[in-house]
Amino acid sequence: MSHGHDRSAQGPGQPAEVWRERLLAPEADPDLWSAFAAEPEGLRSEVTQALKQRVDELVRNEPPAALPVAEALVRAARCLPELEPLALRGRAVASHFNGHNAAAIEDFERAASLYEAQGRPVECARVLRSMVDVCQLAGRSDQALACAARAEALLEGHDEPRLLAQLWLNVGNVHTRRDDYAQAEAAYSRAREAFEQLR
């Protein structure tokens, strides 16, 4: 009998919540992922977003526990093109919070490329904003500034003052770390200007 269609075997609770717990169980049935792949796309999407929410919760309070959830998140997003970059972002964040910045950068790059290919420039810019910070921490300041320039270009014509403010704060931090205080001050000034628009 297929696990994916035997609702009575899932027990109480909403299907998405039940699937999330089943996929994260250490003793998960080896055929469970095949059963999950046979579920309707809408349900798989709900489960994937629930896994992303769980990653976000864990990175703030229990970073090591976020790593296996992030792996499940990426696996759940397979064959869900719209959510694949979201899943990669989630795994990148989990990697970053556990000190694995090279792995985080790799996933962020893939997520940014997917968002750009999907015609979602603002989401791509969000990923690049995060990459600025992670690249700086990884000692890749040139790459960090290149990400910032790319994000700024993508945001041109979009009303995203908060995102721009965050971006320029990160850029200022990169220049500060490079002891380029004039450039840092200019970036922080642009961040303040963007924050002013939020008032």
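Everything here concerns the structure above.
Procedures and definitions
- Residues numbered from 1 in each chain as written.
- Predicted model: local features only at pLDDT ≥ 70, side-chain atom pairs only at ≥ 80, totals over all residues.
- Heavy atoms only, no water.
- Helix = DSSP H or I, 4+ residues; strand = E, 2+ residues; numbered from the N terminus.
- Buried < 20%, exposed > 50% of the residue type's maximum accessible area, 1.4 Å probe, protein only.
- Contact = heavy atoms within 4.5 Å.
- Areas by Shrake-Rupley, 256 points an atom, 1.4 Å probe, with all protein chains shown as cover.
- Lys, Arg positive; Asp, Glu negative; His and termini not counted.
- Charge placed at Lys NZ, Arg CZ, Asp CG, Glu CD.
- Core = buried A, V, L, I, M, F, W, Y, C linked by side-chain atoms within 4.5 Å.
- Phe/Tyr/Trp six-rings, centres within 6.5 Å; stacked < 30°, edge-to-face > 60°.
- Lys NZ or Arg CZ within 6 Å of the ring centre and 35° of its normal.
- Expected span 1.5 Å × (residues − 1).
- Salt bridge = Lys/Arg side-chain N within 4 Å of Asp/Glu carboxyl O.
- Patch = residues over 30% accessible without salt bridge, like charges linked within 9 Å, V, L, I, M, F, W, Y side chains within 5 Å.

Trainee: Which parts of the structure should I look at to understand the overall build of the chain?
Mentor: Broken down by element type, the chain carries 10 helices and zero strands. Shown N-terminal to C-terminal, the secondary structure of the chain runs as helices and strands in the order α-α-α-α-α-α-α-α-α-α. Once the C-alpha set of the chain is aligned to its principal axes, its extents read approximately 65 × 35 × 30 Å. Counting all 199 residues of the chain, 42% fall into the buried class. Pairs at least 24 apart in sequence give 56% of the contacts found in the chain among residues at least 6 apart. In the structure as shown, the chain presents an accessible area of about 10,600 Å², 48% of it carried by carbon and sulfur atoms. Charge-centre separation for the chain: the mean point of 23 positive side chains lies 1 Å from the mean point of 31 negative side chains.

Trainee: Please clarify how the nonpolar core should be interpreted in this entry.
Mentor: It is characteristic of soluble globular proteins that their nonpolar side chains tend to be buried jointly. The biggest cluster of nonpolar side chains holds 33 residues, and the ones touching the most others in it are Phe108, Cys124, Ala125, Val127, Leu128, Met131 and Val132. Elements represented by at least two residues in this core include exactly helix H5 (84-97), helix H6 (101-117), helix H7 (121-137), helix H8 (141-155), helix H9 (161-177) and helix H10 (181-196). When residues in this core are grouped by element, the largest group, nine residues, is from H7. If we ignore the near neighbours within four places in the chain, the residues touching Ala125 are Ala151, Leu154, Leu155 and Leu163. The next biggest cluster of nonpolar side chains, apart from the first, holds 23 residues, and it includes Ala16, Trp19, Trp33 and Ala76.

Trainee: Before we go on, may I ask you to explain the packing of aromatic side chains in this structure?
Mentor: For any pair of aromatic rings, the description consists of the separation of the ring centres together with the inter-plane angle of the planes. Enumeration over the complete set of coordinates arrives at two aromatic pairs. Ring geometry for Trp33 against Phe36: centres 5.9 Å apart, planes inclined by 90 degrees, an arrangement best described as edge-to-face. In this pair, Trp33 and Phe36 both sit in helix H2 (residues 32-37), three residues apart, roughly one turn of the helix. Assigned by exposure class, Trp33 and Phe36 land together as buried. Here the aromatic residues Trp19, Trp33 and Phe36 are joined through ring pairs into a cluster of three or more. In this structure, Arg22 packs its charged tip against the face of Trp19, placed 4.6 Å from the ring centre.

Trainee: Explain H5 here, please?
Mentor: Each full turn of the α-helix corresponds to 3.6 residues, which orients residues three or four apart in the same direction. The end-to-end C-alpha separation of H5 is 20 Å, in line with the 20 Å expected for 14 residues at 1.5 Å each. Taking burial as the measure, the 14 residues of H5 include 10 buried ones, the bulk of the element. Looking at H5, one finds that the buried residues are Pro85, Leu86, Ala87, Leu88, Arg89, Gly90, Arg91, Ala92, Ala94 and Ser95. Where H5 is buried, its residues touch helix H3 (41-61), helix H4 (63-76), H6 and H7. Directly beyond the C-terminal end of H5, a positive phi value near 85 degrees is found at Gly99.

Trainee: Would you mind showing me how to read the environment of Val132 here?
Mentor: Considering the arrangement of structural elements, one finds Val132 in helix H7. Classification of Val132 as buried rests on a relative accessible area of 0%. Sequence separation of Val132 and Arg54 is 78 residues, and the distance between their C-alpha atoms is 24 Å. Leave out the neighbours within four places in its chain, and Val132 touches Ala144, Cys147, Ala148, Leu167, Asn170, Val171 and Val174.

Trainee: When you look at the pattern of salt bridges in this model, what are you seeing that I'm missing?
Mentor: Pairing of side chains with opposite charge becomes possible as their charged atoms draw close. Summed over all chains, the structure comprises 14 salt bridges. The closest approach of N and O atoms between Glu84 and Arg110, which form a salt bridge, is 4.0 Å. In this pair, Glu84 is assigned in helix H5 and Arg110 in helix H6, connecting sequence segments 26 residues apart. In this structure Glu84 comes out as partly exposed when scored by relative accessible area, which is 30%. The salt bridge partner of Glu123 is Arg126, with a shortest N-O separation of 3.3 Å. Here Glu123 and its partner Arg126 are both found in helix H7, three residues apart, which amounts to about one turn of the helix. Note on Arg126: relative accessible area 23%, which makes it partly exposed. Connected through shared salt-bridge partners, Glu71, Glu84, Arg91, Asp107 and Arg110 make up one network.

Trainee: It is not clear to me how a nonpolar patch on the surface should be interpreted in this structure. Could you clarify?
Mentor: A cluster of nonpolar side chains, namely Leu169, Phe195 and Leu198, defines an oily patch on the protein surface of about 220 Å² accessible area. A residue is classified by how much of its surface remains accessible, and Leu198, at 34% relative accessible area, is partly exposed.

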